[in-house]
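Structure assessment
Spelled out from the first residue to the last, the chains are:
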Amino acid sequence: MKRTKLLMGVLGVTALSLGLIGVGLGGHHDNLSREARIGLSIAPVTLNLRGKNRELVGLGSYIVNAQGGCNDCHNNGTQYLPGGNPFLGQPKQINTAGYLQGGAVVFGVIAPPIVPELGTTPPLPAGRTYRQFVQEMRHGINPDDGHILQVMPWPDFQDMTEQDMRAIYEYLSALPAIPPAP
Ligand code: HEC
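Here goes a summary of the coordinates provided. In this text, all values refer to a predicted model and were calculated from it rather than measured experimentally.

Here R50 shows up in the loop between α2 (34–42) and α3 (54–67). Distance in space between the C-alpha atoms of R50 and A174 is 8.2 Å, their sequence separation being 124 residues.

One pass over the full model with this rule turns up four aromatic pairs. Centre to centre, the rings of Y130 and Y169 are 5.3 Å apart; their planes meet at 75°, and the pair counts as edge-to-face. On the criterion of sequence distance, the pair formed by Y130 in helix α5 (residues 130–139) and Y169 in helix α7 (residues 162–173) is long-range, its members being 39 residues apart. Neither residue differs from the other here; Y130 and Y169 are each classed as buried. Ring centres of F133 and Y169 lie 5.2 Å apart, and the angle between their planes is 55°; on these two criteria the pair is classed as tilted. Of the two residues, F133 is situated in helix α5 and Y169 in helix α7; the sequence distance between them amounts to 36 residues. With respect to burial, F133 and Y169 carry one shared label: buried. The ring of Y130 has R166 lying over it, and the distance from NZ or CZ to the ring centre is 3.9 Å.

Another aspect to go through is the coordination of the iron atom of the ligand. Around a metal, the idealised angle for a tetrahedral arrangement of four donor atoms is 109.5 degrees; for an octahedral arrangement of six donor atoms it is 90 or 180 degrees. Protein-derived ligands of the iron atom of the ligand are H74 (NE2) and M152 (SD), with the metal-ligand distances lying across 2.0 to 2.1 Å. One can describe the site at the iron atom of the ligand as octahedral: its six donor atoms subtend angles covering 86 to 179° at the metal. Of this pair, H74 sits in the loop between α4 (70–73) and β1 (105–106) while M152 sits in the loop between α5 and α6 (154–157), placing them 78 residues apart in sequence.

The contact between α5 and α7 brings their axes to 11 Å, and the two run at 120°. Here α7 runs oblique to α5, going by the angle between their axes. The crossing of α5 and α7 is right-handed. In this structure, α5 contributes Y130, F133, V134, M137 and R138 to the contact, and α7 contributes E162, M165, R166, I168, Y169 and L172. Class assignment of the residues belonging to the contact of α5 with α7 gives a composition of eight nonpolar, no polar and three charged.

For the ligand, the set of nearby residues contains 20 residues, the closest of which are C70, C73, H74, E136 and M152. Mapped onto the shell around the ligand, the elements with two or more residues apiece are α4 and α5. No other element matches the three residues that α5 contributes to the shell around the ligand. Looking at side-chain class alone, the shell around the ligand contains 14 nonpolar, four polar and two charged residues.

A separate point is the pattern of salt bridges. When the charged atoms of two side chains with opposite charge come close together, those side chains can pair. Counted by the stated rule, this structure contains four salt bridges. With its nearest N and O atoms 3.8 Å apart, the salt bridge here joins E162 to R166. Note that E162 and R166 are positioned in helix α7 at a spacing of four residues, about one turn of the helix. Using a relative accessible area of 41% as the deciding quantity, one classes R166 as partly exposed. Overlapping salt bridges bring together R128, E136 and D144 as one network.

Now for the nonpolar core. Ranked by internal contacts, the top residues of the largest apolar core, which has 31 residues, are L47, L100, F133, I168, Y171, L172 and L175. Among the secondary structure elements, those contributing two or more residues to this core are α2, α3, α5 and α7. Here this core takes six residues from α7, the largest share from any one element.

About the criteria used
Residues numbered from 1 in each chain as written. Predicted model: local features only at pLDDT ≥ 70, side-chain atom pairs only at ≥ 80, totals over all residues. Heavy atoms only, no water. Helix = DSSP H or I, 4+ residues; strand = E, 2+ residues; numbered from the N terminus. Phe/Tyr/Trp six-rings, centres within 6.5 Å; stacked < 30°, edge-to-face > 60°. Buried < 20%, exposed > 50% of the residue type's maximum accessible area, 1.4 Å probe, protein only. Lys NZ or Arg CZ within 6 Å of the ring centre and 35° of its normal. Donors = N, O, S within 2.8 Å, 3.2 Å for Na, K, Ca; no water. Tetrahedral: all angles 85-135°; square planar, octahedral: opposite > 155°, others 65-115°. Axes fitted to C-alpha atoms, helices over the stretch in contact; angles between N-to-C directions. Parallel < 35°, antiparallel > 145°, perpendicular 65-115°, else oblique. Left-handed = near helix turned anticlockwise from the far one by under 90°. Contact = heavy atoms within 4.5 Å. Nonpolar A, V, L, I, M, F, W, Y, C, P; charged D, E, K, R; others polar. Near = heavy atom within 4 Å. Salt bridge = Lys/Arg side-chain N within 4 Å of Asp/Glu carboxyl O. Core = buried A, V, L, I, M, F, W, Y, C linked by side-chain atoms within 4.5 Å.

Laid out in structure tokens, this is it:
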């Protein structure tokens, strides 16, 4: 009898500590991939996660910010804040006011905004539907006039998985929207 009680006590404490460890590790990021967790922590602007899939948003941020270098080109002409330029040996501080908002001239071409564009409900990244976005990312085809994007590294991006494409689009959809370029 005594032994059973002892055993139950030990089991109880073990279960409790396993539970606590679980909460500590998972927190409110339960079940997110490593990439998604990193992605959510490095997104430079506040995300609108309402109705969005956190795993996809996080993975998308990871691809956009840690792999794809999208803001190297799609910034507004000032990628880093004064005093925050890593190329000058300064600690990185992204110019969030111009993040992915377009305007920078890259190899003679103006990089367009890829944040959501106000005007539709919900606002769409670069004003493109998911279908059009994938056309551009996989085939470099501009849906307006069919021309082939000349600077955008779509020949590299085209081989990403469908899940990665979805993730990038979901992440871009979670960024603050701006009015369309005049
Ligand atoms: C080397 C610079 C560069 C990088 C890196 C880059 N882009 Fe681009 N992107 C451009 C330029 C410039 C254009 C304009 C079209 C062109 O290439 O002529 C463009 C066009 C686009 C378009 C079409 C926008 C529209 O208005 O239809 C999308 C979408 C896009 N880029 C998404 C991305 C994403 C997502 C990433 C990162 C995964 C990325 N780009 C990385 C330079 C770049």
